Amino acid sequence: MSKLWGLSQAITFFSHGWRLAAILISLAVLMPVMVILWSLLSPEPEIWQHLQEHLLLDLLSNTFWLVLGTSLGTLILGVSLAWLTAVCEFPGRRIFSWALLLPLAVPAYVTAFVAVGLFDYTGPIQSSLRDMGLELTFPEVRSRAGVIIVMVLAFYPYVYLIARNAFSTQGKRALEAAQSLGYSSTSGFFRVALPMARPWIVGGLMLVIMETLADFGTVSVFNYDTFTTGIYKAWFSLFSLSAASQLASILIIVVFVIIIIEQQARARMRYTTVGKTAGHQERIQLKKGHAIFATSFASFILLIAFIIPMVQLLIWAKEVMQDFDSRYFDFLFHSLSLAAMASVIVVTAAIILAVANRYYSDIATRILIRISTLGYALPGPVLAVGAFIPIAWVDDKLLHGLKFFGYEGGLLLQGTMITMLIALVVRFLAVGFSPIDGNLQRITQSVDESARSLGCTGLSMLRRIHLPILKGGVFTAMTLVFVDVMKEMPITLMTRPFGWDTLAVRVFEMTSEGEWERAALPAVTIVIAGLIPIIMMNSHAER
Amino acid sequence: MPNDNVLLLLNSISQRYGNNTVVHDVSFSLERGDIGCLLGPSGCGKTTALRCIAGFEHVQSGSITLANKIIASESVHIPAERRHIGMVFQDYALFPHLTAEDNIAFGIQHLPKNQRKKRVDEMLELVHLREFANVYPHELSGGQQQRISLVRALAPRPKLLLLDEPFSNLDVALRERLCGDVRDILKQEQATAILVTHDQNEAFMIADHIGVMNEGVIQQWDGSYNLYHRPKNRFIASFIGEGVFLPGVVINDHRVAIELGVIEGEFESPSPVGTKVDVLLRPDDIIHDDDSPLKASICAKAFRGAQILYTLQLPSGAEMLSLVPSHHDHDIGEPIGIRLASDHIIAFQSDH
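Residues numbered from 1 in each chain as written. Chains lettered and ligands numbered in written order. Predicted model: local features only at pLDDT ≥ 70, side-chain atom pairs only at ≥ 80, totals over all residues.

### A look at the environment of Cys37(B)
No. 1: Positionally, Cys37(B) belongs in strand S3 (residues 35-39).
No. 2: Between the C-alpha atoms of Cys37(B) and Ala203(B), which are 166 residues apart in sequence, the distance is 6.2 Å. (Helix = DSSP H or I, 4+ residues; strand = E, 2+ residues; numbered from the N terminus.)

Quick look at the structure:
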């Protein structure tokens, strides 16, 4: 009897411990959001008036057109490419199927500065045209259309990836059903396959919108003012943290709307899953003309979204090989160590959440987890402000308290990495959570029970069953977060300790001075890191 | 006096969840080397009973004795891991990160290495999967996973083996073949086992004794022949096998009159003379005989290979089933001659 008591008590105690930890984590996520929302509830009239008169309308219309254009572009590009590679057959389809994901490795701000560098008045294209004696009036690259095109090329893979998965599991089968009911394959696509894949496509589109709203680097390169650059300028040019947080609070409202749409799309994805693909499906063989068109279309997109930017980057990087010096290794070291720290913290927090998710399936725990993993939708500048304000407040209080005891030094927390790490962890917790949670779901109750019926319990079960199964998920989570942190720009830029420049910060600084060549070397490094998850994803898909 | 041959004894087990009594006063015993089965529709409490034996549920009242030792009661709960009871799960629950070989070796880590290896090989041999020793579960077919999970549970030589719907995820042809295999394997290992299933054919193929459960109660604990031919109540009669009830009247203690005539035979549960009863007629109780003056018209037929199952209609409109050798191929609507062939009477008092 006493042993029985011990076991069940221990389980209860530890699961309460897990839940407590989960509560703490979700509070850490909620803190920046609450701080920002608080500033919405306590507007400062002067700042508001200034914002309204000079900024707000421009920012809103800029954001509106950017979101609209990027959504439409990614939708058309993503869905059409997904349909072609998932359901049709044309020369090169197998290669395009994964190669079209390559632009995911290139941060949008990299594509952006390459595009601007290429098409600028002093850039290679316009210069050589002038050399040939052609005086053409070139459309200004730093325009609304320019930003939209770059963002479409950078973000279409989100829609492409998710729509391709939807089409390849259900597209052909649904189409066959439609054909057996008398539809042609074209009308079947619009009447059946597309509506069926809608929740997936909407989900992918919402990710695109989140990325668009969160983007800081691309719009900076194009001098296209949106909320993220507005927040940055308010903080670092006007030195008004409250103006920054007022702007952040407007942005966060927009983001919440997107989150709600995305969550609904996700819920519907679950209910309409058709199940596994039944073996190899026969593809639609495109007729010759169509096939040539499909191949050229996919090649063109791959060329402008990945190959040309990469080639140009490498050419520039080669021109500035003298930059390959100790400063470069400083940037690299800062990037790598920041990514390592953030990914260790994220993975630890993700394991706690995933375990809490397993032991508690009640509503409270599910809400906590939902909150904790919302950070992926929150733009970096918002999180930077939201994390900085409370840290500065605590710092201030600490300093007052310590002065009372005769402390003479400076600030304790500001200037350390703590703000940056909090904001990064909040932003990337979801990235780490889903692979770990997915793996933990594989350990069903009957797996635990069969281990017990074979005499294995407690720590031994953790060591022999749970940890080995989790290992793969932890590795994936670690890698994904690591790479995302390396690519991340605004949080690192806005909250880094003085002098702690990373590769992304270096790219920002060089591009804001128009020195594209000198931004190329750190950019190439980031892209190489960015390729790792794509290779992982690809080898996983092939297994 | 404890009977040394009795391995498992369930004494009046009951389980409630809130107001819902899932298992009610269940008692049975199983002798060493026997294969028992809890058979019943889903939600009848059979899996809960099994999980009580395994130790995954705490027994609320009653007791469970394994090899003359109480393992579960209101006040005793030996944890599952120390009961030496093996379990095969419906979803097999193989450990996804371990090879087939390592899965089997999981429960026998206490053995020295060479003995462990020997036992694992023996087990792989038993299910003819030696060449799959180093394969991971996701690379195995459903039937292979099922067999690995069976020998994983058998490897530590458990005192008792529990199988929870082990065939329900397999297709029908494989299910039948594996049922036979599993019985052979269990007998070869001299294992004592309890199977839980909703499929009577599985139960008949594997088990020596079957407990048919409904609404948390064991309705009858018996061998397959008796369940089919001597059902104790209406539920058993309609759950096991096929058949129809025809109204009849008791003439004396070995005769009942029904529309087809008088059935003579041993009366399973005699009722007073003149009682209105419902008489169970199995498809094999009605024999097709062209010479018989008794006619019934065919209203449906189902071809079953060697036999055809005819649904016949009597002049009164009552329907019954008859299993007829398949070369007697008649058309729907055709009247055919039939004869009663029953040496015992199964009748329950009529409700109306």
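We are not done yet, so read on.
### Description of the domain arrangement of chain B
Residue and element names in this part refer to chain B.
No. 1: Each assigned domain of chain B is listed with its residue range as follows: domain 1 (6-237) and domain 2 (243-349).
No. 2: The partner domain 2 presents 6 residues to the 5 residues of domain 1 that form the contact.
No. 3: Partitioned by chemical class, the residues of the side of domain 1 that touches domain 2 number 2 nonpolar, 1 polar and 2 charged. (Domains from an automatic or database assignment. Contact = placed C-beta atoms within 7 Å. Nonpolar A, V, L, I, M, F, W, Y, C, P; charged D, E, K, R; others polar.)

### Section: the sheet that holds strand S5 (residues 69-73) of chain B
All names here are of chain B.
No. 1: Across the sheet, 4 strands lie side by side as S2-S1-S4-S5; this open sheet has antiparallel pairing. Both edges of this open sheet fall to strand S2 (20-31) and S5, since each of them pairs with a single strand only. Shown here is a sheet whose adjacent strand axes are inclined to one another by a mean of 20°, direction ignored. (Pairing = 2+ DSSP bridges. Axes fitted to C-alpha atoms, helices over the stretch in contact; angles between N-to-C directions.)

### Some remarks on helix H16 (residues 445-453) of chain A
No. 1: When you tally the buried positions in H16(A), you get 7 out of 9 residues, the bulk of the element.
No. 2: As for H16(A), its buried residues are in contact with helix H17 (458-487) of chain A together with helix H1 (46-54) and strand S6 (85-88) of chain B.
No. 3: With its phi angle positive at about 85°, Gly455(A) sits one or two positions after the end of H16(A). (Buried ≥ 20, exposed ≤ 12 C-beta atoms within 10 Å, placed from the backbone.)

### Comments concerning the sheet that holds strand S18 (residues 307-313) of chain B
All names here are of chain B.
No. 1: What the 5 strands build is an open sheet, ordered S16-S20-S17-S18-S19; its pairing is antiparallel. A single partner strand is all that each edge strand has here, and the edge strands are strand S16 (286-288) and strand S19 (319-325). When the angles between neighbouring strand axes are averaged without regard to direction, this sheet yields 50°.

### Thoughts on the interface of chain B and chain A
No. 1: With 19 residues of chain B in contact, the opposing surface of chain A contributes 18 residues.
No. 2: With 3 residues, S6(B) is the single largest residue contributor to the side of chain B that touches chain A.
No. 3: Tallied by class, residues from the side of chain B that touches chain A come to 12 nonpolar, 5 polar and 2 charged.

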